Amino acid sequence: MKRKSVLFLGCGDIGLRTAALLDAAGMATLGLRRNTGGLPGFMWAQVGDYTRRGGLDCLEALAPDFVVATPLPADYSEAGYRLGYVGAVENLLQGLGNCRPRLVLLVSSTRVYAERDGGWVDEDSPLAEDEPRARALIDAERLLAGSGLAGSAVRCGGIYGNPAGRLLSRLASGEVCAPRPVLYSNRIHREDCAGFLAHLVRLAAAGDTLESCYTAVDDCPAPRHEVERWLCAELGVEAHWPDTGPEAAHKRCRNARLHASGYTLRYPDYRSGYRAVLAARSRG
């Protein structure tokens, strides 16, 4: 029996982790990159560029059963976001032509939610139509939703898990946030991010119908100051905490739909997740 094939559009850390899980589940994985030299040996390699018109014209002939798209902004300007997300989906749909994958997953962001004052949000909450970078993500999601393909957007919170990540480096240098105003943060460990994407592909392969979007976060939205104070204690850093800091938009994300899909988080809160990160850091 022919193995089911999964095309990865964007092969960064999350894409490669997801591919490894699906390879272990017996699926054929294909990585599309401008430079395919860094792809692992278990992946088939295909040269392509999701930011360039016509850069994905190979896809129809490849005829993947599933597509996992993990695009990134070309840069952090509004134009960079539109090129990285809207352009990626436009070029993906053009490149697929008459090919109809059983599922297209688009990795998006909780940035799409309009909430700014720490309230709770879920997949049905209002979207940030007036924020240009969020609007680029929203428009990319809508392009996929209106394409006629079986598609789902996965709105990830802050993805963490790299022992050399920016937050740990900042805290180790003594740079910390203030306890006031309280600013909530939402996150997902990179192993759970990849695990959830692989879980959704496996559900689709089994014939399940997916929701149009999912919020991919852990069970524990927490004030940034609380997370940083806990991490400083774990790191043995004596920080000098400022009394107040600048106001910023923030929200608390519910993940009930993630749990309803049958996925079990490996790291349901920042403590369990960062303990694993710090253990990996101490091993060098």
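Scroll up a little and you will see the structure.
Residues numbered from 1 in each chain as written. Predicted model: local features only at pLDDT ≥ 70, side-chain atom pairs only at ≥ 80, totals over all residues. Heavy atoms only, no water.

Section: unusual backbone geometry
To keep it simple, the criterion reads: Each helix is a run of H or I in the DSSP string that is no shorter than four residues. Each strand is a run of E no shorter than two, and both are numbered from the N terminus.
Across the junction of R180 and P181, the peptide omega takes the value -5 degrees, indicating a cis bond. Secondary-structure assignment places P181 in the loop between α5 (166-172) and β9 (184-185).

A look at the environment of V67
Defined as follows: For this analysis, residues touch if any pair of their heavy atoms sits within 4.5 Å.
If you trace the backbone, V67 turns up in strand β4 (residues 66-69). Sequence-wise, V67 and E238 are 171 residues apart; in three dimensions their C-alpha atoms are separated by 46 Å. Once residues within four sequence positions are removed from consideration, V67 is found in contact with L7, L92, P101, L103, V104 and L105.

Some thoughts on the sheet that holds strand β2 (residues 28-33)
Backbone-to-backbone hydrogen bonds pair the strands of a sheet. The strands run either parallel or antiparallel. Our working definition: Two strands qualify as a pair provided that DSSP identifies no fewer than 2 bridges between them. Here the axes come from fitting lines to C-alpha atoms, over the contacting stretch only for helices, and the angles between their N-to-C directions go from 0 to 180 degrees.
The strand order across the open sheet built from seven strands is β3-β2-β1-β4-β5-β7-β11, with neighbouring strands paired in parallel fashion. Looking at strand neighbours, the two that pair on one side only are β3 (44-47) and β11 (213-216), the edges of this open sheet. Mean inter-strand twist for the sheet, computed between neighbouring axes without regard to direction, equals 20 degrees. Its contacts with the sheet place helix α4 (residues 132-145) against β5 (103-109) and β7 (151-156), and it is angled at close to 170 degrees to β5. Each of β1 (5-9), β4, β5, β7 and β11 is contacted by helix α6 (residues 190-205), which is oriented at about 155 degrees to β5, the strand it contacts most.

Quick notes on the nonpolar core
The nonpolar side chains of soluble globular proteins are, as a tendency, buried together. Note the cut-off: Here the nonpolar core consists of buried residues drawn from Ala, Val, Leu, Ile, Met, Phe, Trp, Tyr and Cys, with membership extended through side-chain atoms lying within 4.5 Å. For each residue, the accessible area found with a 1.4 Å probe, counting protein chains only, is set against the maximum for its type, and the residue is called buried under 20%, exposed over 50%, and partly exposed in between.
With 32 residues, the main nonpolar core has V6, F8, L105, V154, F196, L200 and V201 as its most contacted residues. Considering every element that reaches this core, the biggest residue donor is α6, with nine residues. Counting residues in hydrophobic clusters, the runner-up holds 30 residues, among them L9, V67, A88 and V112.

A look at the side chain of N255
Note the following rule: Nitrogen and oxygen atoms within 3.5 Å of one another constitute a polar contact, given that in protein one can donate a hydrogen and the other can accept it, and given that sequence-neighbouring residues count only through two side-chain atoms.
Inspection of the secondary structure puts N255 in the loop between β13 (250-253) and α8 (256-260). A distance of 3.1 Å separates the side chain of N255 from the backbone oxygen of V217, its partner in a polar contact. In this structure the side chain of N255 is engaged in a polar contact, spanning 3.1 Å, whose partner is the backbone oxygen of D218.

Section: the packing of aromatic side chains
Which entries qualify depends on this criterion: We call Phe, Tyr and Trp rings a pair once their centres come within 6.5 Å, taking the six-membered ring for Trp, and we label the pair stacked below 30 degrees between planes, edge-to-face above 60, and tilted otherwise.
Counted by the stated rule, this structure contains six aromatic pairs. On the basis of an interplanar angle of 80 degrees and a centroid distance of 5.5 Å, the ring pair of F196 and Y214 is categorised as edge-to-face. Here F196, found in helix α6, pairs with Y214, found in strand β11; they are 18 residues apart in sequence, far enough to count as distant. The buried category is assigned to F196, whose relative accessible area is 1%. Connected via pairs of aromatic rings, a cluster forms that spans Y76, Y81 and Y85.

So, the environment of L96
If you trace the backbone, L96 turns up in helix α3 (residues 78-96). L96 sits in the buried class, given a relative accessible area of 1%. As a C-alpha pair, L96 and A61 span 35 residues in sequence and 8.2 Å in three-dimensional space.

What to know about the packing of helix α1 (residues 13-24) against α6
Helix-helix packing: each pair is described by the crossing angle between the helix axes and the interaxial distance. Here is the rule: For this classification, under 35 degrees means roughly parallel, over 145 means roughly antiparallel, 65 to 115 means roughly perpendicular, and everything else is oblique. Helix crossings get a hand from a simple test, with the near helix turned counterclockwise from the far one by less than a right angle marking a left-handed crossing and a clockwise turn marking a right-handed one. Amino acids outside the nonpolar list (Ala, Val, Leu, Ile, Met, Phe, Trp, Tyr, Cys, Pro) and the charged list (Asp, Glu, Lys, Arg) are all regarded as polar, and Gly is one of them.
Running from amino to carboxyl end, α1 crosses α6 at an angle of 50 degrees, the nearest separation of the two axes being 8 Å. Considering the angle they form, α1 stands oblique to α6. Crossing handedness for the pair α1 and α6: right-handed. Note on element contacts: α6 touches α1 through R190, E191, C193, A194, G195, L197, A198, V201 and R202, opposite D13, I14, R17, T18, L21 and L22. By residue class, the composition of the contact of α1 with α6 is eight nonpolar, two polar and five charged.

Comments concerning the packing of helix α7 (residues 224-235) against helix α9 (residues 270-282)
Close contact between α7 and α9 brings their axes to 11 Å; oriented N to C, the two are set at 35 degrees. Viewed along their axes, α7 and α9 form a crossing whose handedness is right-handed. For the pair α7 and α9, contact is made by E226, V227, W230, L231, E234 and L235 and by Y270, R271, Y274, R275, L278 and R281, respectively. For the contact of α7 with α9, the residue count by class is seven nonpolar, no polar and five charged.

Quick word on the pattern of salt bridges
Oppositely charged side chains can pair when the atoms bearing their charge come close. Cut-off, in case you're wondering: Salt bridges are counted wherever a side-chain nitrogen of Lys or Arg sits within 4 Å of a carboxyl oxygen of Asp or Glu.
By the definition in use, this model includes 13 salt bridges. Across the salt bridge formed by R170 and E228, the nearest N and O atoms sit 2.6 Å from each other. Of the two residues, R170 is situated in helix α5 and E228 in helix α7; the sequence distance between them amounts to 58 residues. Across the pair, E228 and R170 agree in class, each one buried. As a salt-bridge pair, E228 and R224 come within 3.8 Å of each other at their nearest N and O atoms. Residue E228 and its partner R224 are both found in helix α7; the two are separated by four residues, about one turn of the helix. Given a relative accessible area of 33%, R224 falls into the partly exposed group. Taken together, the shared-partner salt bridges in this structure form one network comprising R82, E129, R135, D139 and R142.

Note that all results are geometric; they support no functional claim without further evidence.
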